[in-house]
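# Examining the three-dimensional arrangement
Each chain is listed here by its residues.
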Amino acid sequence: MMDDVLNTPEAKDLAPGPRRLLSRLRSLMAAQDNAQKRLDNLTSMIAEETGADVSSIYLARRSGALELCATHGLNQEAVHNTRLQHGEGLVGQVALTAKPLAAADAQSHPAFSYRPETGEEPFKSFVGVPILRGGRLVGVLTSQTSEARTLADGEIETLQTVAMILAEIIASGQIIAPEELAGLDVRPSKSERFQGGAFSPGLSIGVAVVHEPHVSPVRLIADDPEDEEARLDIAINELRLAIDDMLDAGRLPFGGPTRDVLEAYRMFAHDRGWLRQLRDAVKQGLTAEAAVERVRNEHRARLMQAKDMNFRERLHDLEDLANRLLRHLDENSQDAGAPLPDNAILIARSIGPAELLDYDRNKLKGLALEEGSATSHAVIVAKALGIPLVGQVEGALDRVETGDPVILDGEFGLLIMRPSEDVVEAYADRAAAMSRRAAAFAKLKDAPSVTADGKPFELYLNAGLLIELKRLEETGAAGIGLFRTEFQFMVADTLPTVSEQAVLYSAVMDACGARPAVFRTLDLGGDKVTASAPAMREPNPALGWRAIRMGLDRPGLLRLQLRALIQAAAGRKLDVLFPMIAAPWEFFAARDMLEAEIARAEKYGHPMPKKWRAGLMLETPGMAFAIDEALPRADFVAVGANDLMQYFFAADRLNARVSDRYDVLSPPALRLFRTIQQACAHHDVPVSVCGETASKPLEAAVLLALGYTKLSMAAGSVAPVRTLLNGLDVGRLGAWLASRLDHSGRSLRPELLEAGVDAGLPPEAVDNSRII
Ligand code: PEP
Ligand code: MG
């Protein structure tokens, strides 16, 4: 990264002051001296250029102490011997606050700490600036004089500029070869743990890969500062236009920033303070890229210390904005997709399903998201791929760098950065135990689907990607209970054609063989966005124009999809499920469309499905209350528990603050499930439950006790659910529930776990009030 800094031609006519200092800095770095010599020369040069008597560089050690690594003016014996603890002395204060500190008379400063070995008694004035990189403290650069004095204008800025370059040089490993570092590690080395939500099971020990990493500038010192100013202006203009374009186009890139975030970007991109800081840094002799980096580092360090969440949110925005500006400045500054390590654990703020699928699935072993909730689509894709995912690890991105060793625990929702050896060992043991368990589960694929008291049940897969079809065999599932057809649309840049759709549907039917496959028609809108769908801007997308509403209002797309389904099902059974039905007439209209397409295919003499059925996806409480009216025309019902519960509790499934607030095992929610089941039984219409509720063993047991016998779930849940259900006395659980469903209460969960065997649960399934 530093090559350009070292190899660029000597600057021509740099102005004196900071610019001359930067020019000398470049020559010094280009010299073939060893690392220590370079650091020593650097301190001498800084002292000379700034008129100081002392210039010293302290770097952060693995232990957290700040070690004097080079000095001009203090005793040379102190180098590598003087270590200041975090917060100790004025240097420690600079480190603690990550802000510059100036004292006219250092020894009278309350934080002064005397270190005789340095011989610093004769020196009076002190200036220290943090050496920051990526918002982290790498070290402290100080300057001292023997006279008590006040600072000259711009002196701190000059030192900050040098510190910024120093940080890049240190990170590049060119000034201090790693083997000479003697354990001097500028990255945070302490292990850190983040407790988040366990959204996709599994355990991975691997290496962190930051999604959309921090972009670092390639050139740091300007050849021609005027040129740099002009480049900065052009890039800022381009950045503003690009943001305006994204906002005005009406369609935001999937997985990218939301409208609110873009509005914030637009505000920052016009913020006078930010622009002034950038210009000042360029005037000092930095390249436009280095100026962006320097200003970003300062903001980062400051915002990271903010207690207020809103400020910390802004940190992400500024980080993104700086990356965008760097990309406008230099196309090559993007991290050109370094190869993914074999055991990559991706760390992202948020990610869209399409972006997730862009990563090599053989190498991606885990995913940690700062945002995300259990039922968001990235999570559904991660589950489909069998990748552990931990969500809501807020602040993780600020603490991790690509290459850090990490452990991702999708069972307990933990992300552990830079784990100690014994933690790695403990997890390696657990990972081995889990693979044994997975092997045992794999053997269960042929286990009968029947409860301990002899009641049969059927477990189906929720799927949406071709790659998931092999899980049918692996799990021994009874078929596909929910095929989310929108995934194909979400991962494509252009609208899939009828024949492309038919190829996919046909492959799904091939994989299922004699087993049923239920195709849900497009469920776009809400959190499901596609690059090819019409632009939408809705105040409340979950309650907006989505799924069947779109399908009925603009029937073109739905009609073509129905055609593709009919085409794929030639000579076979076709099950079509219509999502988000909120009122019977919507289902009737959708069914009419299917009937019309069947009639059309017949008329044109196309090969016909052997049999077809139209299903109603019950995802709104309103539909549950109108079910008796709709059932006479429904061939089957699938309860979409994710959405049904979202609307029942009026709690956004994507909003982590509220998505776990209410429990599906509460009497009112269970009464709703019971009503639906009883109505379907009364009309003799088969009913299944899909959504996350059916994927959880305890919830699945309760659904069985309410009379449901068909459950559809992510592949990874089949074996754990089947294991629990095999040991369940469903008659007993039914009786236990019956007496409690009409009670009031927040959740039956604790009571049920407490009752354990008395409620019909298998004894070995409950441990410490949790299901294993
Ligand atoms: C549901 O809502 O429960 C469901 C299965 O559909 P999706 O999660 O795709 O909205
Ligand atoms: Mg749904």
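Residues numbered from 1 in each chain as written. Chains lettered and ligands numbered in written order. Predicted model: local features only at pLDDT ≥ 70, side-chain atom pairs only at ≥ 80, totals over all residues. Heavy atoms only, no water.

### Section: the coordination of the magnesium ion (ligand 2)
Surrounding the magnesium ion (ligand 2) are the protein donor atoms Glu 619 (OE) and Asp 643 (OD), at 2.0 Å. In this pair, Glu 619 is assigned in the loop between β19 (611–618) and α21 (621–625) and Asp 643 in helix α23 (residues 641–648), connecting sequence segments 24 residues apart. A relative accessible area of 2% means that Glu 619 is categorised as buried. On the basis of relative accessibility, which here comes to 1%, the residue Asp 643 falls in the buried class. (Donors = N, O, S within 2.8 Å, 3.2 Å for Na, K, Ca; no water. Helix = DSSP H or I, 4+ residues; strand = E, 2+ residues; numbered from the N terminus. Buried < 20%, exposed > 50% of the residue type's maximum accessible area, 1.4 Å probe, protein only.)

### Some words on the sheet that holds β19
Read around the barrel, eight strands follow the order β15-β16-β17-β18-β19-β20-β21-β22 and close on themselves; strand pairing throughout is parallel. Across the sheet, the mean angle from the axis of one strand to that of its neighbour is 25 degrees, orientation sign disregarded. Summarising the sheet, strand β16 (residues 480–484) and strand β17 (residues 517–520) pair through three bridges and their orientation is parallel. Within the sheet, the bridge partner assigned to Ile 480 lies in β17 and is Ala 517. Packing of helix α28 (residues 715–726) onto the sheet brings it into contact with β15 (458–463) and β22 (710–713), and relative to β15 it is tilted by some 165 degrees. (Pairing = 2+ DSSP bridges. Axes fitted to C-alpha atoms, helices over the stretch in contact; angles between N-to-C directions. Contact = heavy atoms within 4.5 Å.)

### Section: the sheet that holds strand β14 (residues 414–417)
Spatial ordering of the open sheet is given by β7-β14-β13-β9-β10-β11-β12-β8, a layout of eight strands whose pairing is mixed. This sheet does not close on itself; its edge strands, each paired only once, are β7 (192–195) and β8 (197–200). Going from strand to strand, the sheet's axes swing by 30 degrees on average, the running direction of each strand aside. Pairing geometry for β8 and strand β12 (residues 389–391), over three bridges, is antiparallel. Paired with Ser 200 across the strands is Leu 389, a residue of β12. Lying on the sheet, helix α14 (residues 421–443) is in contact with β9 (203–210), β13 (405–409) and β14; it crosses β9 at an angle near 120 degrees.

Just distances and angles here, no functional claims.
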